[in-house]
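# Structural features, examined
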Amino acid sequence: RDWQPDVATLPHADIRGDRVIVHNVRNADYRSETDFTVRLEDRELDLSQLRSLDLFLVYWGSPWIAHTIMSWGFEGDQYLAISIETRKEKGEGYSALRGFFRQYELVYVVADERDVVRLRTNYRGEDVYVYRFDGPPEDARRLLLGYLDAVNQLHDRPQWYNALTHNCTTTIQHLARPYERRSWWSWKLFLNGRLDELGYENGAFDRSMPFPELKARSHINERAKAADADPRFSVRIRAGLPRMSESPEA
């Protein structure tokens, strides 16, 4: 099909023990939301250097509905973000109603945070929050390998997106279910603008402060705008956030 250029080329991964090469990682150069140059890169990862797992929640309207992005952090402040989205053709918009009825294919956008996060904070003007999961690196590793397995399956055979059962949040729960340490089953999976509240309640996120304070501190838009295209974008948006960097970056 005549796909939109940002989703025209699918990612895939070669996995050999701890060594992973992810092909077609998107790192687009944005001039505006609709004016951009797609850049695709190969990223070599060492799973033994995996240190963290973060959840981005993106709000574009209702506080009840959000888009979720997962991001894995490696030694040396290297991050790999994956966003589960609809794969749209040129000229095709998103309809929440059509999302329930096999109208869109599923795509896993594997990207640099300067692409997939900055697009939302700096160009779309959406509100973005980031939370660090409290769990051992082996859990993050298993989830990443589950994601990459799904990425490879989609590379070989397309699947349908479903706004209720196979979306950016329920798919995460499905991938994590075999080894999850906490129960995530809740109505908040479907009204996922409350997913951060659910994570706080079940102890997946920092609980050293009341949830309203955690949420306020986790809002990254001002940091993202200040960092913009800085190669240390991922470090700067985390500066001072709970369980992340405690000192601001210049």
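Everything numeric in this text was worked out from a predicted model, so none of it was measured.

Calculation notes
Residues numbered from 1 in each chain as written. Predicted model: local features only at pLDDT ≥ 70, side-chain atom pairs only at ≥ 80, totals over all residues. Heavy atoms only, no water. Helix = DSSP H or I, 4+ residues; strand = E, 2+ residues; numbered from the N terminus. Buried < 20%, exposed > 50% of the residue type's maximum accessible area, 1.4 Å probe, protein only. Contact = heavy atoms within 4.5 Å. Core = buried A, V, L, I, M, F, W, Y, C linked by side-chain atoms within 4.5 Å. 1 Å grid on protein atoms, 1.4 Å probe; cavity = no way out; pocket = protein on both sides within 12 Å on 5 of 7 lines; lining within 4 Å. Points joined across faces, edges and corners; volume = space filled by probe spheres on them. Nonpolar A, V, L, I, M, F, W, Y, C, P; charged D, E, K, R; others polar. Salt bridge = Lys/Arg side-chain N within 4 Å of Asp/Glu carboxyl O. Patch = residues over 30% accessible without salt bridge, like charges linked within 9 Å, V, L, I, M, F, W, Y side chains within 5 Å. Areas by Shrake-Rupley, 256 points an atom, 1.4 Å probe, with all protein chains shown as cover. Lys, Arg positive; Asp, Glu negative; His and termini not counted. Pairing = 2+ DSSP bridges.

Quick look at the overall build of the chain now. The helix and strand inventory of the chain stands at 8 helices and 10 strands. Counting every position in the chain, which comprises 250 residues, the buried fraction comes to 54%. Considering only intrachain contacts with a sequence separation of at least 6, the fraction spanning at least 24 residues in the chain is 62%.

Counting residues in each nonpolar core, the largest one holds 39 residues, and the members touching the most others are Val22, Trp72, Ile82, Tyr108, Leu144 and Tyr147. Among the elements that take part in this core, helix 3 (residues 137-156) stands out by supplying 8 residues, more than any other. Ala224, Phe233, Ile237 and Met244 belong to the second-largest nonpolar core, a separate cluster that totals 20 residues.

Glancing now at empty space enclosed by the protein. Counting across every chain of the model gives 5 cavities of 30 Å³ or more. The space that makes up the largest cavity amounts to roughly 90 Å³. At the level of secondary structure, the elements contributing two or more residues to the lining of the largest cavity comprise strand 2 (19-26) and strand 9 (105-111). Here the element with the most residues in the lining of the largest cavity is strand 9; it accounts for 4 residues. For the lining of the largest cavity, a count of residues per class yields 9 nonpolar, 2 polar and 2 charged. Reported here for the second largest cavity is a volume of approximately 60 Å³. Lining the second largest cavity are Val130, Tyr131, Arg132, Phe205, Asp206, Leu214, Ser218, Leu241, Pro242 and Met244. Counting residues per element, the lining of the second largest cavity draws most heavily on strand 10 (residues 127-132), at 3 residues.

Per the counting criterion, the structure on display carries 23 salt bridges. Glutamate 44 is paired through a salt bridge with arginine 19; the nearest N and O atoms lie 2.9 Å apart. Here glutamate 44 is found in strand 5 (residues 40-46), whereas its partner arginine 19 is found in strand 2, with 25 residues between them in sequence. According to the relative accessible area criterion, glutamate 44 is exposed, its value standing at 54%. The salt bridge involving aspartate 228 is made with arginine 118; its shortest N-O contact spans 3.2 Å. Of the two residues, aspartate 228 is situated in the loop between helix 7 (221-227) and helix 8 (233-238) and arginine 118 in helix 2 (residues 118-123); the sequence distance between them amounts to 110 residues. For arginine 118, a relative accessible area of 6% corresponds to the buried category.

Next up on the list: the environment of glutamine 159. You can see glutamine 159 is positioned in the loop between helix 3 and helix 4 (170-176). A residue is classified by how much of its surface remains accessible, and glutamine 159, at 29% relative accessible area, is partly exposed.

With that out of the way, let us pick up a nonpolar patch on the surface. On the surface, a nonpolar cluster with roughly 390 Å² of combined accessible area is contributed by Trp60, Trp64, Ile65 and Leu191. Examined against the element boundaries, tryptophan 64 turns out to sit in the loop between strand 6 (50-59) and strand 7 (67-74).

This next bit is on the environment of valine 117. If you trace the backbone, valine 117 turns up in the loop between helix 1 (113-116) and helix 2. The spatial distance from the C-alpha of valine 117 to the C-alpha of serine 83 is 9.5 Å, given a sequence separation of 34 residues.

The subject of this paragraph is the side chain of arginine 87. Turning to its location among the elements, arginine 87 is positioned in strand 8 (residues 78-87). No salt bridge is formed by the buried arginine 87. Its closest oppositely charged neighbour is glutamate 105, at 4.3 Å.

Along the polypeptide, tyrosine 147 turns up in helix 3. Separated by 65 residues in the primary sequence, tyrosine 147 and isoleucine 82 have C-alpha atoms spaced 8.3 Å apart.

Moving on to the pairing of strand 10. Burial of strand 10 is extensive: 5 of the 6 residues sit out of reach of the surface. With 6 bridges joining them, strand 6 and strand 10 adopt antiparallel strand pairing. Its bridge partner being in strand 10, phenylalanine 56 is matched across the sheet by valine 130.

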